[in-house]
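Structural features, examined
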Amino acid sequence: MDLGVLYSGGKDSTLAALLLEEFYDVTLVTAHFAVSDDWEHARETAERMGFAFERLELDPDVAHEAVETMCDDGFPRNGIQQVHLHALEQLAQGEYDAIADGTRRDDRVPTVSRAQAQSLEDRFDVDYIAPLSGFGRTAVDRLVDATLEVTVGPSEEIDRADYEAELRAIIAAEDGPETVEDVFPPHEQTYVTDVVRD
């Protein structure tokens, strides 16, 4: 069965793909708005990991709506959530039997509720799988430490292909870099560089 994993090149989506590859033919799919070429970071990681890779271009109107939401709110949570659900819907319309993401049990954003998951499955006749939904941050970190080589650093400095980088770029272009700092609290991101080899 074919499965598409929303993929950023970070530890969570990489671990999700590794957990699912025994049961599915996994393709790592990076959703983006064509604002930057950050998707290439995910492609490079996918190639190192030995997975098929695809890009999924999202509706730029969704990015601008999300940016407006984030600027109005003064924080990114609701805007990121909008983008993630849009990305899952677009992925569900592809040629996959199942779709997945790297959301964890204790994530604040993005999240996928049971009702949202069932809606995706019903509307698009696809299985939605969240293989990390039973794992907390500590459990994920332990698995990652044992299986992946990861670069960790401040969000604005880590090469990755998640929505945040492009949304930051849109905000900076429209409202200035100081607004990016106002909207996004300091936090760390990860970028997978390889699998741990014995």
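As a reminder, the structure under discussion sits directly above these lines.
Residues numbered from 1 in each chain as written. Predicted model: local features only at pLDDT ≥ 70, side-chain atom pairs only at ≥ 80, totals over all residues. Heavy atoms only, no water.

**Looking at the overall build of the protein chain**
- The number of helices and strands found in the protein chain is 8 helices and 7 strands.
- For the protein chain, whose C-alpha radius of gyration is 16 Å, the value lies close to the compact-globule estimate of 16 Å for 198 residues.
- The C-alpha extent of the protein chain, read off along each of the three principal axes, is 45 × 40 × 30 Å.
- Looking at the protein chain as a whole, 49% of its 198 residues qualify as buried.
- Sequence separation of at least 24 residues holds for 77% of the intrachain contacts in the protein chain that already meet a minimum separation of 6.
- Counting only carbon and sulfur atoms, one obtains 43% of the accessible surface of the protein chain, whose full area is about 9900 Å². (Helix = DSSP H or I, 4+ residues; strand = E, 2+ residues; numbered from the N terminus. Rg over C-alpha atoms; globule rule 2.2 N^0.38 Å. Buried < 20%, exposed > 50% of the residue type's maximum accessible area, 1.4 Å probe, protein only. Contact = heavy atoms within 4.5 Å. Areas by Shrake-Rupley, 256 points an atom, 1.4 Å probe, with all protein chains shown as cover.)

**Concerning the packing of aromatic side chains**
- Overall, the coordinates contain 1 aromatic pair when judged by the stated rule.
- Ring centres 6.4 Å apart and planes at 15° place the aromatic pair Trp-39 and Phe-53 in the stacked group. Highlighted residues: Trp-39 in helix 2 (residues 39-49) and Phe-53 in strand 3 (residues 52-57), separated in sequence by 14 residues.
- Lying over the aromatic face of Trp-39, Arg-55 brings its terminal NZ or CZ to 4.1 Å of the ring centre.
- Above the face of the Phe-184 ring, Arg-168 is positioned so that its terminal group lies 4.6 Å from the ring centre. (Phe/Tyr/Trp six-rings, centres within 6.5 Å; stacked < 30°, edge-to-face > 60°. Lys NZ or Arg CZ within 6 Å of the ring centre and 35° of its normal.)

**Structural notes on helix 4 (residues 77-92)**
- Compared with an ideal rise of 1.5 Å per residue, which puts 16 residues at 22 Å, helix 4 spans 23 Å between its outermost C-alpha atoms and is within 8% of the ideal.
- Buried residues of helix 4: Gly-79, Ile-80, Gln-81, Val-83, His-84, His-86, Ala-87, Leu-88, Leu-91 and Ala-92, and no others. (Expected span 1.5 Å × (residues − 1).)

**Comments concerning helix 2**
- Among all positions of helix 2, only Trp-39, His-41, Ala-42, Thr-45, Ala-46 and Met-49 are buried. In a view along the axis of helix 2, the buried residues occupy a sector of 155°, so they form one face of it.
- Where helix 2 is buried, its residues touch helix 1 (11-20), strand 2 (25-32), strand 3, strand 6 (148-154) and strand 7 (188-195).
- Gly-50 occupies a position one or two residues after helix 2 and carries a positive phi of about 85°. (Arc of directions from axis to C-beta.)

**Some thoughts on the pattern of salt bridges**
- Counted under the stated rule, the structure contains 8 salt bridges.
- Of the charged contacts in the structure, one is a salt bridge between Asp-141 and Lys-11, with a shortest N-O distance of 2.3 Å. With Asp-141 in helix 6 (residues 137-147) and Lys-11 in helix 1, this residue pair connects regions lying 130 residues apart in the sequence.
- A salt bridge links Asp-107 to Arg-104; its shortest N-O distance comes to 2.9 Å.
- The class of Arg-104 is buried, set by a relative accessible area of 13%.
- Sharing partners across several salt bridges, the network here consists of Asp-12, Arg-104, Asp-106 and Asp-107. (Salt bridge = Lys/Arg side-chain N within 4 Å of Asp/Glu carboxyl O.)

**Thoughts on the environment of Arg-108**
- Residue placement: Arg-108 occurs in the loop between strand 4 (98-100) and helix 5 (114-124).
- Through-space distance from the C-alpha of Arg-108 to that of Leu-88 is 17 Å; in sequence the pair is 20 residues apart.

**A closer look at a negative patch on the surface**
- A contiguous patch of negative charge, built from Asp-59, Asp-61, Glu-65, Glu-68, Asp-72 and Asp-73, is present on the exposed surface.
- By the secondary structure assignment, Glu-65 is in helix 3 (residues 60-73).
- Under the relative-accessibility criterion, Glu-65 is labelled partly exposed at 43%. (Patch = residues over 30% accessible without salt bridge, like charges linked within 9 Å, V, L, I, M, F, W, Y side chains within 5 Å. Lys, Arg positive; Asp, Glu negative; His and termini not counted. Charge placed at Lys NZ, Arg CZ, Asp CG, Glu CD.)

**A look at the nonpolar core**
- The biggest cluster of nonpolar side chains holds 32 residues, and the ones touching the most others in it are Met-70, Val-83, Ile-99, Tyr-128 and Leu-167.
- Elements with a minimum of two residues in this core: strand 2, helix 3, helix 4, helix 5, helix 7 (163-175) and helix 8 (177-183).
- Ranked by the residues each element gives to this core, the list is headed by helix 4, at 6 residues.
- Residues contacting Val-83, with those up to four places away along its chain left out, are Phe-33, Leu-58, Val-62, Ala-66, Tyr-163 and Leu-167.
- Counting residues in hydrophobic clusters, the runner-up holds 25 residues, among them Ala-17, Ala-100, Ile-129 and Leu-148. (Core = buried A, V, L, I, M, F, W, Y, C linked by side-chain atoms within 4.5 Å.)

From the geometry alone we can't say anything about function, so treat these as descriptive.
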